[in-house]
Amino acid sequence: MSFYARAISWLSRFGPAAQHHRTEAPADAPAFQRRIDLALAAGQVAAAEQLCMARLAARGDDRDARLHLGHLLLRENRVADALGHFRILDALEGRGDVVTEAFTSERLDIERVRRGEPHFRWLENVRVETAYWTVMRDGCVYNEDVHAKNLATSPFVRGRVSPDGALVIASLPSAARTIEQECILVGGDDNYSHWLFRNMLKLSSLDRAGLLYRYPWLVNTDLKNYQNEYLGLLGQQPERLLKVERNSVIACRRLLVPALHVNSRAISHGVAWLRERLAHLLVAPAQAARRLFVSRRDNARRSVLNEDEVFAALAPLGFERVVPGEMSVVDQIATFSGARYIVAAHGAALTNMIFAPPGAAIVELTSTAIEHMDLFRKLARSTQHEVKSVVSADYAAGTDHPDVNSDYRVDVAVVRAAVAGMLQARS
């Protein structure tokens with residue numbers, strides 16, 4: 001009896017999901033994927049592993065079997081075995097220029113994280129991957145309080161994360177560049193909101209310590225216009241920027257890493273600092289009287305389908321429509337700092353509430369697919385703003401399974417009532 005036949009015979013003990021494969025020979029990749037999914041849906045992890053082993057025995061070094069088996073072993077915390085399969089997979093894929101390693105997730109300073117204190121740390125002889133700005137050293141990976149992107153989607157990790165997130169397997173090329181001089185990790189991000197939260201606010205701890213302008217800043221080469229604007233507004237000179245290519249790995253001899261601000265205390269610290277730094281651009285709170293309706297018409301996803309209808313209902317209440325994505329950073333800061341009331345769909349532009357005066361009232365338009373994203377409610381606790389969310393479950397026709405990028409409609413009467421209530425309470 002062949003190894004594959006013995007494996008299928010053994011699978012018969014696991015019920016219908018496994019018995020489905022009893023007489024089948026190794027199939028093509030889509031069919032194999034379906035068989036793995038079927039076994040896992042039935043809770044038969046061991047059965048899924050045996051399917052992979054049988055396919056390897058029948059076909060030799062098979063990419064799909066190696067890939068699935070590596071992930072299954074990692075899921076069971078059999079790291080060394082998983083690492084072996086992923087290394088073979090790299091060779092099968094012609095990735096001979098990478099080294100595949102396991103890294104344990106670490107924090108820069110866990111005690112200060114628990115106390116909610118802004119902080120930073122010097123790290124020596126590190127590697128930095130510039131896709132997600134993850135820092136690695138001596139088998140440790142620093143991401144959660146450095147840039148906080150989902151490592152599972154990193155091009156260097158590709159989903160190879162343990163179920164508890166405590167360990168990742170990364171395939172890293174040799175460092176494309178070694179930076180000998182001491183520098184500060186600022187990083188980069190394509191999203192306006194993420195740029196403020198992941199790259200700007202954390203700089204406050206360095207500035208308060210007198211370190212921010214002592215060393216050059218490490219950033220990506222393809223900075224967007226608004227990112228360059230922010231760097232200029234903070235007074236950093238272009239020649240003090242160390243620019244590195246995106247999606248590469250670099251080595252740094254000594255890197256100063258500011259921790260992300262992730263709780264209300266630290267966020268308040270960062271917001272206060274940013275407002276101080278940009279105070280010359282802010283409208284005086286006593287003069288802030290504008291009523292803003294923030295448009296997403298410049299975005300191709302997560303649009304409010306009846307935006308014009310919503311604005312028509314709010315215009316008689318004194319609201320003006322603004323499109324932050326079409327404005328300079330200076331204009332966005334001036335506009336939001338001069339606003340007393342803001343109605344906006346959940347999106348990056350609403351992060352400008354950082355500049356609105358204390359006591360400003362905000363109505364956030366959101367959907368059931370994204371209402372769990374509580375960034376702006378969390379931010380409001382640090383900015384002394386009142387935020388009320390209007391949640392919609394009315395999606396575009398044909399949207400059977402809405403996701404975070406789905407367009408939606410809001411109930412105009414509900415929005416107008418929420419706004420009128422705020423206006424009345426403050427009259």
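Residues numbered from 1 in each chain as written. Predicted model: local features only at pLDDT ≥ 70, side-chain atom pairs only at ≥ 80, totals over all residues. Heavy atoms only, no water.

This next bit is on the overall build of the chain. When helices and strands are counted, the chain shows 15 helices and 17 strands. Taking the principal axes of its C-alpha atoms as reference, the chain extends roughly 85 × 55 × 35 Å. Classification of the 427 residues of the chain by burial places 51% in the buried group. Accessible surface, the chain: about 18,500 Å² in total, of which carbon and sulfur atoms supply 48%. (Helix = DSSP H or I, 4+ residues; strand = E, 2+ residues; numbered from the N terminus. Buried < 20%, exposed > 50% of the residue type's maximum accessible area, 1.4 Å probe, protein only. Areas by Shrake-Rupley, 256 points an atom, 1.4 Å probe, with all protein chains shown as cover.)

Right, let's talk about the pattern of salt bridges for a bit. Scanning the model with the defined rule gives 31 salt bridges in all. For Arg 246, the salt bridge identified is with Asp 190, shortest N-O distance 3.3 Å. With a gap of 56 residues between them, Arg 246 in the loop between strand 9 (241-244) and strand 10 (249-258) and Asp 190 in the loop between strand 7 (183-185) and helix 8 (192-200) connect regions that are remote in the sequence. One salt bridge in this structure joins Arg 208 and Glu 276, with 3.0 Å as the shortest N-O distance. (Salt bridge = Lys/Arg side-chain N within 4 Å of Asp/Glu carboxyl O.)

Once that is clear, we can look at the packing of aromatic side chains. In the structure shown here, the tally under the stated rule is five aromatic pairs. Between Tyr 192 and Tyr 230 the ring centres are 6.1 Å apart and the planes differ by 55°, which places this aromatic pair in the tilted class. Taken together, the positions of Tyr 192 in helix 8 and Tyr 230 in helix 10 (residues 225-233) put the pair 38 residues apart, joining distant regions of the chain. Using a relative accessible area of 9% as the deciding quantity, one classes Tyr 192 as buried. For Tyr 230, a relative accessible area of 0% puts it in the buried group. Members of the aromatic cluster, each reached through a chain of ring pairs, are Tyr 192, Tyr 226 and Tyr 230. Positioned above the aromatic ring of Phe 32, the side-chain terminus of Arg 55 is 4.3 Å from the ring centre. Lying across the ring of Trp 122, Arg 254 places its NZ or CZ 4.1 Å from the centre. (Phe/Tyr/Trp six-rings, centres within 6.5 Å; stacked < 30°, edge-to-face > 60°. Lys NZ or Arg CZ within 6 Å of the ring centre and 35° of its normal.)

All right, on to helix 15 (residues 412-425) then. With 14 residues, helix 15 should cover 20 Å at 1.5 Å per step; its first-to-last C-alpha distance of 20 Å lies within 8% of that length. If you check which residues of helix 15 are buried, you get Val 412, Val 415, Ala 418, Val 419, Met 422 and Leu 423. Viewed along the axis of helix 15, the buried residues span an arc of 135°, placing them on a single side of the element. For helix 15, exposure combined with an orientation more than 90 degrees from the buried face picks out Ala 413, Gln 424 and Ala 425. Considering only its buried residues, helix 15 is in contact with strand 11 (290-294), helix 12 (307-314), strand 13 (339-345), strand 14 (361-367) and strand 15 (386-392). Where helix 15 begins, the capping side chain belongs to Asp 411, and its oxygen is found 3.0 Å from the backbone nitrogen of Ala 413. (Expected span 1.5 Å × (residues − 1). Arc of directions from axis to C-beta. Contact = heavy atoms within 4.5 Å. Polar contact = N/O pair within 3.5 Å; in protein donor to acceptor, adjacent residues only side chain to side chain.)

The side chains of a regular strand alternate, residue by residue, between the two faces of the sheet. With burial as the criterion, each face of strand 3 (residues 134-137) is covered, one bearing Thr 134 and Met 136 and the other bearing Val 135 and Arg 137. Pairing of strand 2 (residues 120-129) with strand 3, which is carried by three bridges, proceeds in the antiparallel orientation. Within strand 3, the residue paired with Arg 127 across the bridge is Met 136. Between the antiparallel neighbours strand 2 and strand 3 lie four residues, among them Trp 133 with a positive phi of about 55°. As consecutive antiparallel partners, strand 3 and strand 4 (residues 140-142) are separated by two residues, and within that stretch Asp 138 has a phi angle of approximately 50°, a positive value. (Pairing = 2+ DSSP bridges.)

Turning our eyes to something else, we now look at the side chain of Arg 246. Looking at Arg 246, its side chain comes within polar contact range of the side chain of Asp 190, at 3.3 Å. Other than its neighbours up to four places away in sequence, Arg 246 contacts Thr 130, Ala 131, Asp 190, Asn 220 and Asp 222.

Turning our eyes to something else, we now look at the environment of Asp 62. With respect to the element layout, Asp 62 can be found in the loop between helix 4 (45-59) and helix 5 (63-75). What Asp 62 contacts, discounting residues up to four positions off in sequence, is Arg 55, Leu 56 and Leu 92. Polar contacts involving the side chain of Asp 62 include one to the main-chain amide nitrogen of Ala 65, which spans 2.9 Å.

Attention now goes to the sheet that holds strand 13. Hydrogen bonds between backbone groups are what pair the strands of a sheet, and the pairing can be parallel or antiparallel. Taken in spatial order, the five strands make up an open sheet running 12-11-13-14-15, and their pairing is parallel. Each edge of the open sheet is held by one strand with a lone partner, namely strand 12 (320-322) and strand 15. For this sheet, the mean inter-axis angle between neighbouring strands, taken without regard to orientation, is 20°. (Axes fitted to C-alpha atoms, helices over the stretch in contact; angles between N-to-C directions.)

Moving on, we come to the confidence of the model for the chain. Of the residues in the chain, 94% reach a pLDDT of 70 or more, and the chain-wide mean stands at 90. The low-confidence segment residues 1-27 (pLDDT under 50) makes 47 contacts with residues lying over four places distant or belonging to another chain. (pLDDT = per-residue confidence, 0-100.)

The buried count for strand 14 comes to seven of seven residues, which makes it a mostly enclosed element. Residues Ala 361, Val 363, Leu 365 and Ser 367 of strand 14 are buried on one face, and the alternating residues Ile 362, Glu 364 and Thr 366, pointing to the opposite face, are buried as well. Pairing of strand 13 with strand 14, which is carried by five bridges, proceeds in the parallel orientation. Directly across from Ile 342, in strand 14, lies its bridge partner Ile 362. Across seven bridges, the pairing between strand 14 and strand 15 is parallel. Residue pairing for strand 15: Val 363 is matched across the bridge by Lys 388. Of the crossover connections in this fold, the one passing from strand 14 over helix 14 (residues 375-383) to the parallel strand 15 is right-handed. (Right-handed = clockwise from strand over helix to strand, strands pointing away.)

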